[in-house]
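Single-letter residue listing:
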Amino acid sequence: MDDIPSEDGSAGTRTAGRHLNAGLHPESLVVSAGRPAPGPDVPVNQPVVLTATYHAGGPRGYARAGNDTSAAFEDAIGALEGGLATSFASGMAASSALIESLPTGSVLVLPTSFYNHHRTLFDAQVELGRLSLRPVDTTDTDTVITALDGAALLWLELPTNPMLTVADLPALATEARARGVRTVVDATLATPLGLRPLDHGADVVMHSATKWLAGHSDVISGVLVARDRDLAQRIATRRNLTGAIPGALESYLALRGLRTLAVRMERACANTAVLAGRLREHPAVTGVHYLGFADHPQADLVAKLLGHHGAVLSFTTDSVQRADDLCRRVELITHATSLGGVESLIERRGAYPGEVSQGTPAELVRFSVGIEHVEDLWSDLAQALS
Ligand SMILES: *Cc1c(COP(=O)(O)O)cnc(C)c1O
């Protein structure tokens, strides 16, 4: 009986501070949400709770159904997104919980170019005979709408990684809803400070919390947020059944990282704006993808939907060799995969077969801009590009 899914879902018993959080700006919520209810000598921060089970009689019972530390992180993300959050062992575990709960035979509408491990995950479902895929250019709204007929799920990534395209989420979510199609938005690159997809009609928001939310490249974590209580409950039940729960220490680190999300993003986005402009002028750089350019192909949607221009940019160099040399020569910037940490990370995305097969140019470099001094970052890039 110890593994019956909690009736109460992921949120567990935590409701502390909710009344205080109503109406706050996100810059305040990242600091204030997910703290224990105040009281004499109650800790100000949610402690790491290491337990596999709880005394009987509560809604949780067993820690696969939820943990106090991960529930605090979920409260904070739920407050930021305007929904009920369930956290997972990784972003991929979160995505898998959604995809594997689709009935066999379901049709998934997805971007032709997006986070390539998601494509690999979806392709694996096709190989199992479980799902069929309709890849579409998600910036082409009419084509997406045509593809929605008979589909079960519309998967969007906003903005896409690494090409930084932006889909018309409000229009697509409305059309999807009218056809009984659920809309999921991977908003990892936007963060809740840049976009609240549930406000624009999405049913579920997905984040790799590994990236900006935790923000220090020291934890793997993922989260799903739904506004509909039933759907959130089903997600929490799914997590309990498949067991892809986050560890308490990871949840602590994710929440600890979240506290500084707003100031980290402010600096990283400001750095990115400067570096994008300078890279565009560099003779060895043939093209820069950046949400803040006035000539971004979806500049109108960027202005309408996004609260910031992000701290990821990508660019092509005049040769694959140049891109590889750049990654090898950087000193302050780290040559490593991933994004969203305080430290700047760079890699040639075009080196991955899964990227090339979805159209990413071989010489495309992705640059996750950190919070270092912008002039030090530029000096490093300039010497590595020369
Ligand atoms: C990293 C990433 C993921 C996967 O998340 P993990 O935490 O690495 O499992 C999903 N989507 C995007 C956009 C990502 O950048």
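In this text the structure is predicted, and so the values were computed from the model without any measurement. (Residues numbered from 1 in each chain as written. Predicted model: local features only at pLDDT ≥ 70, side-chain atom pairs only at ≥ 80, totals over all residues. Heavy atoms only, no water.)

1. Things to note about the domain arrangement of the chain
Partitioning the chain into domains gives domain 1 (1–90 + 210–259), domain 2 (103–186) and domain 3 (262–385). Relative to domain 3, the C-alpha centre of domain 2 lies at a distance of 26 Å. Contacts between the two partners involve 17 residues from domain 2 and, on the opposite side, 22 residues from domain 3. Across the domain 2 to domain 3 interface the summed buried area is about 1500 Å²; carbon plus sulfur atoms make up 61%. Summed over the shared surface of domain 2 and domain 3, the result is zero salt bridges. The interface formed by domain 2 and domain 3 contains six residue pairs in polar contact (both at pLDDT 80 or more). Looking at the side of domain 2 that touches domain 3, its residues break down into ten nonpolar, six polar and one charged. (Domains from an automatic or database assignment. Contact = heavy atoms within 4.5 Å. Buried area = accessible area lost by both parts, 1.4 Å probe. Salt bridge = Lys/Arg side-chain N within 4 Å of Asp/Glu carboxyl O. Polar contact = N/O pair within 3.5 Å; in protein donor to acceptor, adjacent residues only side chain to side chain. Nonpolar A, V, L, I, M, F, W, Y, C, P; charged D, E, K, R; others polar.)

2. A look at helix α11 (residues 261–281)
Here α11 is 21 residues long and its end C-alpha atoms lie 30 Å apart, about the 30 Å a rise of 1.5 Å per residue gives. For α11, the complete set of buried residues consists of L261, A262, R264, M265, A268, C269, N271, T272, L275, A276 and L279. (Helix = DSSP H or I, 4+ residues; strand = E, 2+ residues; numbered from the N terminus. Expected span 1.5 Å × (residues − 1). Buried < 20%, exposed > 50% of the residue type's maximum accessible area, 1.4 Å probe, protein only.)

3. Considering the nonpolar core
Formed by 60 residues in total, the largest nonpolar core has its most connected members in I77, L154, L258 and L306. Apart from the residues within four sequence positions on either side, L306 is in contact with L158, V166, A190, G194, L195, L291 and L301. In terms of nonpolar packing, the next biggest core, distinct from the first, is built from 25 residues, L84, W155, V204 and I235 among them. (Core = buried A, V, L, I, M, F, W, Y, C linked by side-chain atoms within 4.5 Å.)

4. Some details on the sheet that holds strand β6 (residues 204–208)
Taken in spatial order, the seven strands line up as β1-β7-β6-β5-β4-β2-β3 in an open sheet, and their pairing is mixed. A single partner strand is all that each edge strand has here, and the edge strands are β1 (84–88) and β3 (131–136). The sheet shows a mean angle of 20° between the axes of neighbouring strands, taken without regard to direction. The sheet contact formed by strand β2 (residues 106–111) and strand β4 (residues 153–157) spans two bridges and is parallel. Bridge pairing links L108 to L153 in β4. (Pairing = 2+ DSSP bridges. Axes fitted to C-alpha atoms, helices over the stretch in contact; angles between N-to-C directions.)

5. Things to note about the pairing of strand β5 (residues 182–186)
Counting buried positions along β5 gives four out of five residues, so the element sits mostly inside the fold. In the classification by handedness, the crossover that spans β4, the intervening helix α7 (residues 169–178) and the parallel β5 is right-handed. Inspection of the sheet shows β5 paired to β6 by three bridges, in the parallel sense. Its bridge partner lying in β6, D186 is registered against M206. (Right-handed = clockwise from strand over helix to strand, strands pointing away.)

6. Focus: the site of the ligand
The environment of the ligand is made up of 14 residues, and the closest members are M92, D186, S208, T210 and K211. Within the side chain of N161, a nitrogen or oxygen atom sits 3.4 Å from an oxygen atom of the ligand. In this structure, D186 approaches the ligand through a side-chain N or O atom, which is 2.7 Å from a nitrogen atom. Within the complex, the protein chains bury 93% of what would otherwise be the 380 Å² of accessible surface of the ligand. If you list the elements that add at least two residues to the shell around the ligand, you get α4 (91–99) and β6. Considered class by class, the residues forming the shell around the ligand number three nonpolar, eight polar and three charged. Shared between two domains, the shell around the ligand takes at least three residues from each, and those domains are domain 1 (1–90 + 210–259) and domain 2 (103–186). (Near = heavy atom within 4 Å. Areas by Shrake-Rupley, 256 points an atom, 1.4 Å probe, with all protein chains shown as cover.)

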